[in-house]
Amino acid sequence: ASAQFQLAVPVAVVFAPGSVPGDLPKPLPFRDVREMEIPVNLKTTVTSCYEMVYRSATAQEEAALGAATAKEADAALHPLQDATLGSLTMYVIPETSSLLPQGASVYVGKHRSALVRAGGSLAALRTRLQQLTQVMSFTASSITAALSDRVPDGQLGPDARRHLKSSLGYEITFSLLNPDPKSHAVDWDIEDAVNRYVRPVLDKLSLVANFSVDSQILYYAVLGVTPRFDKESSSFLLSAHSLPHVINPVEARLGSSAASLYPVLNFLLYVPERSHSPLYIQDKDGAPVSTNAFHSPRWGGIMVYNVEAPASPQASLPLHVDVDMARVMEVFLSQLRLLFGLSREELPPEFLLESPGNEGLADWELDCLLWAHTVENVATVSTTLTSLAQLLDKIGNIVIKDDVASEVYRAVASAQSAMAELAAGHLHSAFQASKEAVTSSERAFFDPSLLHLLYFPDDQKFAIYIPLFLPMAVPILLSLAKIVREARQCKKEPIKMD
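Described below are features of the structure shown in this document. Small disclaimer: the values here were computed from a predicted structure and weren't measured.

Strand order in the open sheet made by the seven strands is E2-E3-E1-E4-E6-E5-E17, with mixed pairing throughout. Every interior strand has two partners, whereas the edge strands, strand E2 (30-39) and strand E17 (351-353), have only one. Across the sheet, the mean angle from the axis of one strand to that of its neighbour is 20°, orientation sign disregarded. By the bridge criterion, five bridges tie strand E4 (residues 88-93) to strand E6 (residues 113-117) in an arrangement that is parallel. Counted as the bridge partner of Met90 is Ala114 from E6. The sheet strands contacting helix H3 (residues 122-136) are strand E1 (3-15), E2, strand E3 (44-56), E4, strand E5 (106-108), E6 and E17, and the helix crosses E6 at an angle near 155°.

Structure representation (structure tokens):
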């Protein structure tokens, strides 16, 4: 299935007094469109189109840029800027401005704007702006990851298949594994922790998908790998190469995710048994992992929570353990970001990023997710409908009901609408249309009336019906032959007239 995507990003470049480059091609305000091709495959092309509007700062924006710190300026500028999803505002400040610390040339706020130090010439500024707009919207790697099913394996980055596939919903399960309840009575306030740390993040992500959260405590659930004892540190170690073998035995105890309509994300807190405490995870180089946790792509994460040994050996068992939920949730939320592809590793050192606070992700990061998911949704719809068309071509006598046909038409119309909205730079309506297209295409594809087992090839029909009709057909055919014979004889014999 071929697809031609055009992704338009509206960008406002606002010059503060003293920051306007001397080599501007024309007086402010003016428009400039920059296009870039993202290679995917022969049938799929993606063109990113940055629609830049260069203008001078308004009096209100100048006042906001006069703040003491970049954080204060970002907060003051937020009510003044375009809050449309997918749009960006870049404030260019003079080289000498004290808003940014020494060595930093870009400050990315937690909304949809950034502060950029003027680079002297327009060419230097454009290079900086291009790099920044890609970070805050989509990069070639984030789009190829979204279209990973269409990209040859050699072109995919190492993280491309780490991210969760786009879905209309996700189920998150927090599990406490206590393999040794005789020694440890573990208490975790998961409800309060979810409300305090997870809810704000999921409320922000509610635009992307529906989320459901549940939790459970599993007793006597052990890891499938026996840790190695290290004499020097008198502790137990789990090496990086043994971590994949930990998940399968544990997953058998987690409850079936097969009954779920949506992908399930598992976050496991493992309190090691007393005979294997303390337990530490090592990375590939044999160094201890600071968080004592690891994550599995598209599956979830596991954190090992060690219990301090009692001060006196006569302490009564089981030991009461109160889990530090702030420390645990910090790890699980960073793993959640990784699973959604919100890692910030590829940023240059001169970029300063504002922490998104308890919301877990900035507004522009939400936009990054929406860009990628919209493209992925449209590609999924295209693949689903192509597969459906191939199925219908194979089965000549299949009956397509009116409601199935209308779902197919709706899916095609919604996908075309999503493509048009992407090209117009309307991210929110494009994403909504892509979700509707996915829903309609899946309804059509999984309609029970289109189950190909209901329709037999012609040779199978003959094989089924001949044994049934042959016994009846033999006497009928013999009778017909006899009638024909008698009719012929009657014609030959002349009628005698008395």
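So that's the structure; there's more coming.
This next bit is on the pairing of E6. Counted residue by residue, E6 has five buried out of five residues, so it is predominantly covered. Side chains Ser113, Leu115 and Arg117 project from E6 onto one buried face, and the interleaved Ala114 and Val116 project onto a second face that is buried too. Pairing geometry for E5 and E6, over three bridges, is antiparallel. Bridge assignment links Tyr107 to a residue of E6, and that residue is Leu115. Adjacent in sequence and paired antiparallel, E5 and E6 are bridged by four residues.

Attention now moves to the packing of aromatic side chains. Across all of its chains, the model carries 12 aromatic pairs by this definition. With centroids separated by 6.1 Å and ring planes inclined at 15°, the aromatic side chains of Phe15 and Tyr54 adopt a geometry described as stacked. Remark: Tyr54 occurs in strand E3 and Phe15 occurs in strand E1; sequence separation between them is 39 residues. Centroid distance Phe174 to Phe267: 5.6 Å. Interplanar angle 25°. Geometry classified as stacked. With Phe174 in strand E7 (residues 169-178) and Phe267 in strand E12 (residues 264-270), this residue pair connects regions lying 93 residues apart in the sequence. The exposure class assigned to Phe174 is buried, which follows from its relative accessible area of 3%. In this structure Phe267 comes out as buried when scored by relative accessible area, which is 2%. The structure contains a cluster of three or more aromatic residues connected by ring pairs, namely Phe15, Phe30 and Tyr54.

As a packed pair, helix H5 (residues 190-205) and helix H7 (residues 325-339) sit with axes 10 Å apart at the nearest point and diverge in direction by 35°. Helix-helix and strand crossings are classified by hand; for H5 and H7 the assignment is right-handed. Here Ile190, Ala193, Tyr197, Val198 and Val201 of H5 lie close against H7, whose contacting residues are Met325, Ala326, Met329, Leu333 and Leu336. Residues belonging to the contact of H5 with H7 are distributed by class as follows: 10 nonpolar, no polar and no charged.

Another aspect to go through is the nonpolar core. Within the largest apolar cluster, 89 residues are counted, with the highest numbers of intra-cluster contacts made by Phe174, Leu205 and Phe340. Looking at which element gives the most residues to this core, the answer is helix H8 (residues 363-394), with nine residues. Apart from residues lying up to four places away in sequence, Phe174 is in contact with Trp188, Ile190, Val194, Val198, Val213, Asp214, Ser215, Gln216, Phe267, Met329 and Phe332. Leu238, Val246, Leu268 and Ile281 belong to the second largest nonpolar core, which has 20 residues in total.

With that settled, consider a nonpolar patch on the surface. A surface patch of nonpolar side chains, amounting to about 940 Å² of accessible area, comprises Ile464, Tyr465, Leu468, Phe469, Met472, Ile476, Leu477, Leu480 and Ile483. The topology assignment puts Ile464 in helix H11 (residues 458-492). What makes Ile464 partly exposed here is its relative accessible area of 38%.

Following the sequence through the fold, Asn358 ends up in the loop between E17 and H8. Residue classification places Asn358 among the exposed positions, given a relative accessible area of 57%. When the C-alpha atoms of Asn358 and Val222 are compared, they prove to be 33 Å apart, with 136 residues separating the residues in sequence. Those residues in contact with Asn358, other than ones at most four positions away along the chain, are Tyr197, Pro200 and Val201.

With that settled, the discussion passes to the pairing of E2. Where E2 and E3 come together, 10 bridges link them in antiparallel fashion. By the bridge assignment, Pro39 is partnered in E3 with Thr45. Remark: four residues form the turn of the hairpin made by E2 and E3, two consecutive strands paired antiparallel.

Right, let's talk about the environment of Val375 for a bit. In this structure, Val375 sits in helix H8. For Val375 and Leu147, which are 228 residues apart along the polypeptide, the C-alpha to C-alpha distance reads 7.5 Å. Apart from residues lying up to four places away in sequence, Val375 is in contact with Phe5, Leu7, Ile143, Leu147 and Leu422.

The next thing to look at is H7. In this model, H7 (15 residues) spans 21 Å end to end at C-alpha, consistent with the 21 Å of a helix rising 1.5 Å per residue. Taken together, the buried positions of H7 are occupied by Met325, Val328, Met329, Val331, Phe332, Gln335, Leu336, Arg337 and Leu339. As for H7, its buried residues are in contact with E7, H5, E12, strand E14 (293-296), strand E15 (300-304) and H8. Two residues or fewer after H7 comes Gly341, characterised by a positive phi angle close to 75°.

As a further point, take helix H10 (residues 427-445). With 19 residues, H10 ought to run about 27 Å at 1.5 Å a step, and its terminal C-alpha atoms sit 27 Å apart, in line with that. Listed in full, the buried residues belonging to H10 are Leu427, Ala430, Phe431, Ala433, Ser434, Lys435, Ala437, Val438, Ser440, Ser441 and Ala444. Along its buried surface, H10 packs onto H8 and helix H9 (402-424).

Now for the sheet that holds strand E9 (residues 210-219). Here we have five strands laid out as an open sheet, ordered E9-E7-E12-E15-E14, and mixed in their pairing. Where the open sheet ends on each side, the last strands, each with one partner, are E9 and E14. Averaged over all adjacent pairs, the angle separating strand axes in this sheet is 15°, with direction ignored. For E7 and E12, the ladder comprises seven bridges, and the chain directions are parallel. Each bridged residue has a counterpart across the sheet, and for Ile172 the counterpart in E12 is Leu265. Against the sheet, H5 contacts E7 and E9, and its axis sits at roughly 155° relative to E9.

Reading the values: the criteria
- Residues numbered from 1 in each chain as written.
- Predicted model: local features only at pLDDT ≥ 70, side-chain atom pairs only at ≥ 80, totals over all residues.
- Heavy atoms only, no water.
- Pairing = 2+ DSSP bridges.
- Helix = DSSP H or I, 4+ residues; strand = E, 2+ residues; numbered from the N terminus.
- Axes fitted to C-alpha atoms, helices over the stretch in contact; angles between N-to-C directions.
- Contact = heavy atoms within 4.5 Å.
- Buried < 20%, exposed > 50% of the residue type's maximum accessible area, 1.4 Å probe, protein only.
- Phe/Tyr/Trp six-rings, centres within 6.5 Å; stacked < 30°, edge-to-face > 60°.
- Left-handed = near helix turned anticlockwise from the far one by under 90°.
- Nonpolar A, V, L, I, M, F, W, Y, C, P; charged D, E, K, R; others polar.
- Core = buried A, V, L, I, M, F, W, Y, C linked by side-chain atoms within 4.5 Å.
- Patch = residues over 30% accessible without salt bridge, like charges linked within 9 Å, V, L, I, M, F, W, Y side chains within 5 Å.
- Areas by Shrake-Rupley, 256 points an atom, 1.4 Å probe, with all protein chains shown as cover.
- Salt bridge = Lys/Arg side-chain N within 4 Å of Asp/Glu carboxyl O.
- Expected span 1.5 Å × (residues − 1).

So far we have only geometry, and geometry alone does not tell us how the molecule works.
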